[in-house]
Amino acid sequence: MVHPINKQSLSSGKTTHNRALSLIFHKMAECYRYMGTEERFRATAYENVSRVLANMKEDISEHAGSVEELDEIGGIGESIAEKIIEYLQTGKIKTFEELKKKLPFDLLELMDISGFGPSTLRTLHEKLGINNRDDLVKALQENKLNKLKGFGERKLTNMKRALKMEKSNNRMPLQLAEEEGARLLRLIKSIKAVEKIALAGSLRRKKETVGDIDMVLVAVPRNRKRIVEEIIRVIQPQKILARGTTKLSMIVGDRETQVDIRLVHDYEFGSAMLYFTGSKEHNIRLRTIAKERGMKINEYGIFDVKTGERLAGETEEEMYELLGLNYVSPEKRIDAESVETKD
DNA sequence: GGGCAGCGCAC
DNA sequence: GTGCGC
DNA sequence: GCCC
């Protein structure tokens, strides 16, 4: 089989600093999240920079002539600029080294696993003395978590599954995801009360690898309970992570693919598709623009902040239009810069 | 110096 | 109500 | 932490 040329791999030789720094800032973000809610915005800031670096085409050292130069990059401010320069000059970031000493650092990598947030990890550390992944696996085997408050059966099952799966990188190549997506669409379309269903997320954006499969389903509320039951019946997921009347999250197939389905009204289809297609950066940019215009945007539509009136949401096109933006095709909804104001 | 999204589901 | 993921 |  012929593989398409991968841009990332072409430039990988020049972006080694980006990768290393992206990882460090990701780890620092985890440290701050672990420290508690008062640090959560700091954590977000570090996570943002981590993502910016991961997506950057050229090596960060090309912009690292001065703090001022780095500061021009969105998401990077004075403090992180200094840390980037420190890293390029010394190979280390002192603040990071100190965080490592201060916190149960090996434990924090578990935050990369779905279901493990800061609070959960603090409880595990403080109540059971768990310091790393191995400790946790052992504690789970010995059923030591069962007594803990807030650790119900479903949560434990999900934790065990996530822990097992996390070892293998579960992102699949686009083509495989497209095949699986088409298969699921076919099955769900066979359900009578489903008025409409479409793929969203990174699969719709045609990202080169896809982590999970997102779908938006249109149905009236009175049919939703039955639809969810029917979906489970025809798809026969390996696991159900969460099920309600507006949301279904499950693990499907031998590859253990996570599938998330949102159930919405027909008039919310556009806003739900826009929202769940992402990317995250693109959404944040849209939110900011909406706010500048006195509007608020979410998966249910665009609203006038003052009156609360719903202004749009049936189609994506009308939403971009309302915001005074050119329509952006899903494939191009990559970052904040992919949003263009109309002239 | 204030805002940084806010909602559904598990518990 | 809190934690978590999205 | 960053942005406005």
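Predicted, not measured: the structure shown is a model, and the values here were computed from it.

Caption draft 1: Broad picture of the protein's contact with DNA strand D. The environment of DNA strand D is made up of 13 residues, and the closest members are Y32, R42, G75, G77 and I80. For DNA strand D, the backbone makes up 74% of the atoms found within 4 Å of the protein, where backbone means sugar plus phosphate. Here F41 contributes a backbone N or O atom positioned 3.4 Å from a base nitrogen of DNA strand D. In the model, a phosphate oxygen of DNA strand D is placed 2.8 Å from a nitrogen or oxygen of the G77 main chain. Elements that contribute at least two residues to the surface near DNA strand D include exactly α3 (40-55) and α5 (78-90). Residue contributions to the surface near DNA strand D peak at four residues, all from α3. Residues that form the surface near DNA strand D fall into these classes: seven nonpolar, four polar and two charged.

Caption draft 2: Representation of the protein's contact with DNA strand B. Neighbouring DNA strand B are 17 residues, the closest being R154, K155, G244, T246 and Y275. A share of 70% is what sugar and phosphate atoms reach among the atoms of DNA strand B within 4 Å of the protein. At 2.7 Å, a side-chain N or O of R154 approaches a phosphate oxygen of DNA strand B. Between DNA strand B and R287, the relevant distance is 3.0 Å, taken from a phosphate oxygen to a side-chain nitrogen or oxygen of the residue. Counting only elements with at least two residues in the surface near DNA strand B, the list comes to α10 (153-165), β5 (239-243) and α15 (280-292). With three residues, the single largest contributor to the surface near DNA strand B is β5. Residue composition of the surface near DNA strand B, by class: six nonpolar, five polar and six charged.

Caption draft 3: The domain arrangement of chain A, seen in detail. In terms of domains, chain A is made up of domain 1 (7-101), domain 2 (104-162), domain 3 (172-264) and domain 4 (268-338). Inter-centroid distance (C-alpha atoms) of domain 3 to domain 4 is 23 Å. Each partner contributes residues to the interface: domain 3 has 14 residues there, and domain 4 has 13 residues. Of the roughly 1200 Å² buried where domain 3 meets domain 4, counting both sides, 67% is carbon and sulfur surface. The interface formed by domain 3 and domain 4 includes one salt bridge. For R204, the salt bridge is made with E316, and the minimal N-O distance between the two is 2.8 Å. Scanning the region where domain 3 abuts domain 4 turns up four residue pairs in polar contact (both at pLDDT 80 or more). Among the secondary structure elements, those contributing two or more residues to the side of domain 3 that touches domain 4 are β2 (196-200), α12 (201-204), β4 (212-218) and β7 (257-264). Counting residues per element, the side of domain 3 that touches domain 4 draws most heavily on β2, which supplies four residues. Here the residues of the side of domain 3 that touches domain 4 are counted per class, giving six nonpolar, two polar and six charged.

Caption draft 4: Structural context of the sheet that holds β2. Strand order in this open sheet of five strands is β2-β4-β7-β6-β5, and the pairing throughout is mixed. Edge positions in the open sheet fall to β2 and β5, since each of these has one partner strand only. Across the sheet, the mean angle separating the axes of adjacent strands is 20 degrees when strand polarity is ignored. In this structure, β5 lies alongside strand β6 (residues 247-252), joined through four bridges in antiparallel fashion. Note on β6: the bridge partner recorded for A242 is S249. Of the strands in this sheet, β4, β5, β6 and β7 touch helix α13 (residues 221-235), which is tilted by about 5 degrees from β6. Where helix α14 (residues 269-277) meets the sheet, its contacts fall on β2, β4 and β7, and the angle it forms with β2 comes to roughly 20 degrees.

Caption draft 5: Layout of helix α11 (residues 174-189). Here α11 is 16 residues long and its end C-alpha atoms lie 22 Å apart, about the 22 Å a rise of 1.5 Å per residue gives. Of the positions making up α11, those classed as buried are L174, A177, E180, G181, L184, L185 and I188. End-on view of α11: buried residues confined to an arc of 140 degrees, all on one side of the axis.

Caption draft 6: Main features of the packing of aromatic side chains. This structure, assessed with the given rule, holds five aromatic pairs. Residues F96 and F105 carry aromatic rings whose centres are separated by 5.8 Å and whose planes lie at 70 degrees to one another, so their mutual orientation is edge-to-face. Relative to Y327, the ring of Y320 has its centre 5.3 Å away and its plane inclined at 80 degrees; by these criteria the two rings are edge-to-face. Residue Y320 is classed as buried on the basis of its relative accessible area, which comes to 1%. Overall, the relative accessible area of 38% leaves Y327 in the partly exposed class. Through pairs of rings, three or more aromatic residues link up here, namely F25, Y32 and Y46.

Cut-off values and rules
Residues numbered from 1 in each chain as written. Chains lettered and ligands numbered in written order. Predicted model: local features only at pLDDT ≥ 70, side-chain atom pairs only at ≥ 80, totals over all residues. Heavy atoms only, no water. Near = heavy atom within 4 Å. Polar contact = N/O pair within 3.5 Å; in protein donor to acceptor, adjacent residues only side chain to side chain. Helix = DSSP H or I, 4+ residues; strand = E, 2+ residues; numbered from the N terminus. Nonpolar A, V, L, I, M, F, W, Y, C, P; charged D, E, K, R; others polar. Domains from an automatic or database assignment. Contact = heavy atoms within 4.5 Å. Buried area = accessible area lost by both parts, 1.4 Å probe. Salt bridge = Lys/Arg side-chain N within 4 Å of Asp/Glu carboxyl O. Pairing = 2+ DSSP bridges. Axes fitted to C-alpha atoms, helices over the stretch in contact; angles between N-to-C directions. Expected span 1.5 Å × (residues − 1). Buried < 20%, exposed > 50% of the residue type's maximum accessible area, 1.4 Å probe, protein only. Arc of directions from axis to C-beta. Phe/Tyr/Trp six-rings, centres within 6.5 Å; stacked < 30°, edge-to-face > 60°.

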